[in-house]
Amino acid sequence: MRISTGVLAAACLLSVTPAFAGNIDFNNGEAAWHSSRCQKPIVPMAGSKITSETRGNQLNALIAERNAFADAVQAYMNCVSNEAENDQAVIGQGISAGAQKEIDAAKAELDKLFGSPRTAESK
């Protein structure tokens, strides 16, 4: 019961947290996160492969295209990493805050029903 309540609370937090960027899908108790802000680079259309017959100018163009794509892939990976770290922090804070509210509510109910606990010094 507590696990499903926790999953429900996390799902509620995910749906109302504006700073959260990625998407979380739950399937058979497993969570999968996917970026929603980062644009995956498009693979270049270079149909030519580098061979021993590739001319110098063509080789330079292919290498430049490869390097540009590698830079775009690195930017994408950095974006995904930053988005995931931010989402993880937001969700962690939300879970901690929700847990603390439940703890405080349970303690308040206990104190209401049975009074505040006495310390050893006040006995």
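What counts, and at which threshold
- Residues numbered from 1 in each chain as written.
- Predicted model: local features only at pLDDT ≥ 70, side-chain atom pairs only at ≥ 80, totals over all residues.
- Heavy atoms only, no water.
- Helix = DSSP H or I, 4+ residues; strand = E, 2+ residues; numbered from the N terminus.
- Buried < 20%, exposed > 50% of the residue type's maximum accessible area, 1.4 Å probe, protein only.
- Contact = heavy atoms within 4.5 Å.
- Pairing = 2+ DSSP bridges.

Student: Would you mind going over the overall build of the protein chain in detail, with residue names and values included?
Tutor: Along the backbone of the protein chain there are 2 helices and 2 strands. Starting at the N terminus, the α and β elements of the protein chain follow one another as α-β-β-α. Scored against the burial criterion, the 123 residues of the protein chain give a buried share of 13%. Sequence-distant contacts in the protein chain: of pairs separated by 6 or more residues, those separated by 24 or more amount to 51%.

Student: An account of the pairing of strand E1 (residues 23-27) is needed here, citing residue identities and associated values.
Tutor: When E1 meets strand E2 (residues 30-34), the two strands line up antiparallel, connected through 5 bridges. When the sheet's bridge partners are listed, Asn23 is paired in E2 with His34. Between E1 and E2, which pair antiparallel and follow one another directly, the connecting turn spans 2 residues, one of which, Asn28, has a positive phi of 55°.

Student: Describe the environment of Asn23, and please don't skip the residues or the numbers.
Tutor: Relative to the elements of secondary structure, Asn23 occurs in strand E1. By relative accessible area, which is 41% here, Asn23 ends up partly exposed. In this structure, the C-alpha to C-alpha distance between Asn23 and His34, residues 11 residues apart in sequence, is 5.2 Å. In contact with Asn23, other than residues within four places in its own chain, are Ala32, Trp33, His34 and Ser36.

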